[in-house]
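Fold and contact review
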Amino acid sequence: MTMKQSTSAAPLAVGLTAVAAVAAYFWAFLSVESNVAVLGLLALAALAAIFSRKIAPSLDRAMDEHDCVMHGAILAALLVLIALFAEDHFPLLMFSTTLLYMTAALGLNIQFGYAGIVNFAGAAFFGIGSYTSAVLTAQGLVPPILILVLGGIIAAAIGFVLILPVLRTRGHYSAVVTIAFSVLFVSFLQVNDVLGGPQGLSVGAMSLLGWDFGTGPTLFGVETSFYVNYALASVALAALAFTFTRRLERSWLGLSLDAVRLDETASACCGIGIRRAKVLAFGFGNLLIGLAGALFGMMIGYIAPTSFTFSDSLLMVAIVLLGGMGSLWGTALAAAIVVLLPEKLQVLQEYRFLLFSVMVIAMLLFRPQGLLPRGVRRFVPGWRPAE
Amino acid sequence: MDIGLLGQYLVNGIMLGTMYALVAVGFTLFFGVLDIIKFSHGDVLMLGAFIGFSAYLGLSALGVSNPWVLVVCLTVIAVAATAALGALIARTLILKLKSAPPLNTLLITLMLGIAIRESVRLFFPDGSNPKMFPPLLPSSAMEIGHFTLRADSVILVAVGLILIIGLNLVVNRTRLGLAIRAVAQDAETARLMGINYTMIVLVTFAIGSGTAAIAGIMNGLYYNEINFGMGLLLGLIGFSAAIIGGLGSLYGAILGGFLFAALQTIGAVALPFASAYKDVFAFAVVIALMAWKPTGLIAERSSDRV
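Keep in mind it's a predicted model, so treat the numbers as computed, not measured.

Another aspect to go through is helix 9 (residues 230-245) of chain B. Residue and element names in this part refer to chain B. Compared with an ideal rise of 1.5 Å per residue, which puts 16 residues at 22 Å, helix 9 spans 22 Å between its outermost C-alpha atoms and is within 8% of the ideal. With 14 of 16 residues buried, helix 9 is to be regarded as a mostly interior element. Directly after helix 9, the chain includes glycine 246, whose backbone phi takes a positive value near 115 degrees.

Below, the discussion takes up the confidence of the model for chain A. Residue and element names in this part refer to chain A. Averaged over chain A, the pLDDT score is 82; the fraction of residues at 70 or greater is 91%. Within chain A, helix 13 (residues 274-300) carries the highest mean pLDDT (91), whereas helix 1 (residues 2-7) carries the lowest (45). Considering only residues more than four positions removed or in separate chains, one finds that residues 1-6, a stretch of pLDDT under 50, has five contacts.

All names here are of chain B. For helix 1 (residues 3-34), spanning 32 residues, the distance from its first C-alpha to its last is 46 Å, which sits close to the expected 46 Å at 1.5 Å a residue. Of all the 32 residues making up helix 1, 24 are buried; the element is thus mostly covered by neighbouring parts of the structure. Just past helix 1, the residue aspartate 35 takes up positive phi, approximately 55 degrees.

A few words on the packing of helix 2 (residues 41-61) of chain B against helix 4 (residues 102-123) of chain B. Residue and element names in this part refer to chain B. Relative to each other, helix 2 and helix 4 sit at 25 degrees, their axes nearing to 9 Å. Put simply, helix 2 runs roughly parallel to helix 4. With respect to the hand of their crossing, helix 2 and helix 4 are arranged in left-handed fashion. For the pair helix 2 and helix 4, the contacting residues are Asp43, Val44, Met46, Leu47 and Phe50 in the first and Gly113, Ile114, Ile116, Arg117 and Val120 in the second. Looking at the contact of helix 2 with helix 4 residue by residue, the classes come out as seven nonpolar, one polar and two charged.

Let us now look at the side chain of Ser209(B). Residues and elements named next belong to chain B. With respect to the element layout, serine 209 can be found in helix 8 (residues 197-223). Given a relative accessible area of 0%, serine 209 falls into the buried group. A polar contact of 2.8 Å, which involves the side chain of serine 209, links it to the backbone oxygen of phenylalanine 205. Setting aside residues up to four positions removed in sequence, serine 209 forms contacts with Phe30, Lys38, His41, Val44, Thr82, Ala83 and Gly86.

Turning next to the interface of chain B and chain A. Contacts between the two partners involve 50 residues from chain B and, on the opposite side, 41 residues from chain A. Both faces combined, the contact of chain B with chain A buries some 3800 Å², and carbon together with sulfur accounts for 81% of it. At the surface where chain B touches chain A, the tally comes to zero salt bridges. Our count for the chain B to chain A interface comes out at one residue pair in polar contact (both at pLDDT 80 or more).

Each value, and the rule that gives it
Every residue gets a number counted from 1 within its own chain, in the order that chain's sequence is written. In the order they appear in the text, chains get letters beginning with A and ligands get numbers beginning with 1. Per-residue local features are limited, in this predicted model, to residues with pLDDT of at least 70; the limit for side-chain atom pairs, both in listing and counting, is 80 or more; totals at the level of whole chains, interfaces and linings are taken over all residues. Each side-chain value is derived from all of the structure's non-hydrogen atoms; neither hydrogens nor water enter the calculation. By definition, any uninterrupted DSSP run of H or I lasting at least four residues is a helix, any uninterrupted run of E lasting at least two residues is a strand, and each is numbered from the N terminus. Working rule for helices: expected span equals 1.5 Å times residues minus one. Buried residues are those whose accessible area, probed at 1.4 Å on protein chains only, stays under 20% of the maximum for their type, while exposed residues exceed 50% and partly exposed ones sit between those limits. A residue's pLDDT is the predictor's confidence in that residue, given on a scale from 0 to 100. Note on contacts: a residue pair qualifies if any of its non-hydrogen atoms lie within 4.5 Å across the two residues. A fitted line through C-alpha atoms serves as each axis, taken over the contacting stretch for helices, and the angle formed by two N-to-C directions is quoted from 0 to 180°. Here roughly perpendicular refers to angles of 65 to 115 degrees, roughly parallel to angles under 35, roughly antiparallel to angles over 145, and oblique to all remaining angles. Crossing handedness is defined as follows: a turn of the near helix away from the far one that is anticlockwise and smaller than a right angle gives a left-handed crossing, while the clockwise case is right-handed. Amino acid classes used here: Ala, Val, Leu, Ile, Met, Phe, Trp, Tyr, Cys and Pro are nonpolar; Asp, Glu, Lys and Arg are charged; the rest, including Gly, are polar. Pairs of N or O atoms within 3.5 Å make up the polar contacts considered here, provided that, within protein, one atom can donate a hydrogen while the other can accept it, and that residues adjacent in sequence are counted only when both atoms are side-chain atoms. In this description, buried area is defined as the sum, over both parts, of the accessible area (probe of 1.4 Å) that is lost when the two are combined. By salt bridge we mean one thing: a side-chain nitrogen of Lys or Arg within 4 Å of a carboxyl oxygen of Asp or Glu.

So, in structure tokens, the structure goes:
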């Protein structure tokens, strides 16, 4: 024990340096303008990826032994990034979008990565959240913070309509259920006049106890962008989602979800309620996706059915897959890649679906476990014997 | 309702059903031999239609003007090209992932579908706009009251039905079909019997993709328009049709195709809400059917392997 104590300062130093380096990298990535600079930074990332193998063990130990300090440092780094971009709209929008996509992908991760339920309607549940906030902010009866929660709850509730076919079908047959739902959702929005039809709806701004998110706060005499509010809210939501997902993974619920994914028959024999586990994972996943969608709707202020198509659902699945099934930090990294890369390389904007499809194909062929694969689960992850 | 109008809907439904069944047959063939879903099928169909369209442009530039010659030539070219592409996809992507989890194969073909779709949109000249597909079949029509029977629909339905029956005969009556069925039942044993496994898989993928090209050209000739996104919905419908029929069964695919067309037609005609909701209705029924019969109407015969 004492040996471990004395050497554990080094991993922490490595960990904190890594957090600072990644934060600095994102600051550079979000602020550079020219294509050459972006490509240069990408090359740097590739080099860093090779180098990171060397420090990976210390990093793992840092995350393991000093998780509170490390998580605090990451949170602080996110806040510093917001402060640095306080006056610029675009980087903050990108920043918040990444975090919200990450939250949604965490929800998908619970379904795909933990319970092994396929869900090809991620964008549809995201859309349900956005449309909920659009309809409810227009009415103005419900306070916006509750709208956010309701967005998640309604997404989960609509998801439960699908629960019977999802539970009864397996493999390819279950894929068709969510795919059919995804198509159904978009064609329904296209023709439904109450929900704005193909033109979509505008969404009111978020506000919290009289704090209006539509105008930028003036801090220390500096007029900031109104996206600062949303960036802060996104950090809060993403951190909450991350913590919940981590807790879920660690708990006995997560243990039974993992068991159900790996072998349904065996886990049923061990007394795990398969239906219960799947209902829980599907519901909780959709809840997270809906929450992220609701805040996303309020942030961009205007939503249309074309943002929630089957292709967008596939993009979310691509995030989960690129990051590595069930790997939370992998999801965060992949969300950043999938959201930021096409926005920064404007040349790529047109080609983004092609680019990501080819990327995922290559990934599946050569590195099916993802960028940051989730290791074999320990019985209780992150468990340390008492000192 | 007027009997003529009813007949009209029936004919349209049969036309759609034939097209859907052709797509669904492809899904079921692939599933039969390799137990996988090749989701790029719809986009291969779209590519087939675009290759046919390019062949038409090329042949017209060469001075061929007889519509029958044109339609036969462009079909042959499109079928040959997509069959080759299908075999290539099987060789490079699908056989490589044979031992991976089924989800990975589904995903890789989904992504391949996007790649094909986006490539056509980005790299085909003016690919993001719909293309006018030439009306090559005779458009003379027979009219009885509200009922119009167009010669081109009759030809298309006839060709489609002959193709489905032909495929069925190939699978059930020929040596090739015997080999395909043997691989579908048990690849290992089929190999021991001296069947060239890889060859059979490639041939099956070629046949399925060729069928998709014909469905694509039929679609183009019927609607006189093709666009880069047409494959997505047709592929989804074909997939749903194959699933509600029961994967791995040719009859199930045909049943599913016609059932889906019937649902769409009923959704457009007979239900009280606007006809724009026909896809919503059809897909909602698909979800309900999956809840009722989780392995399709004609269920797979194999039991669960534990």
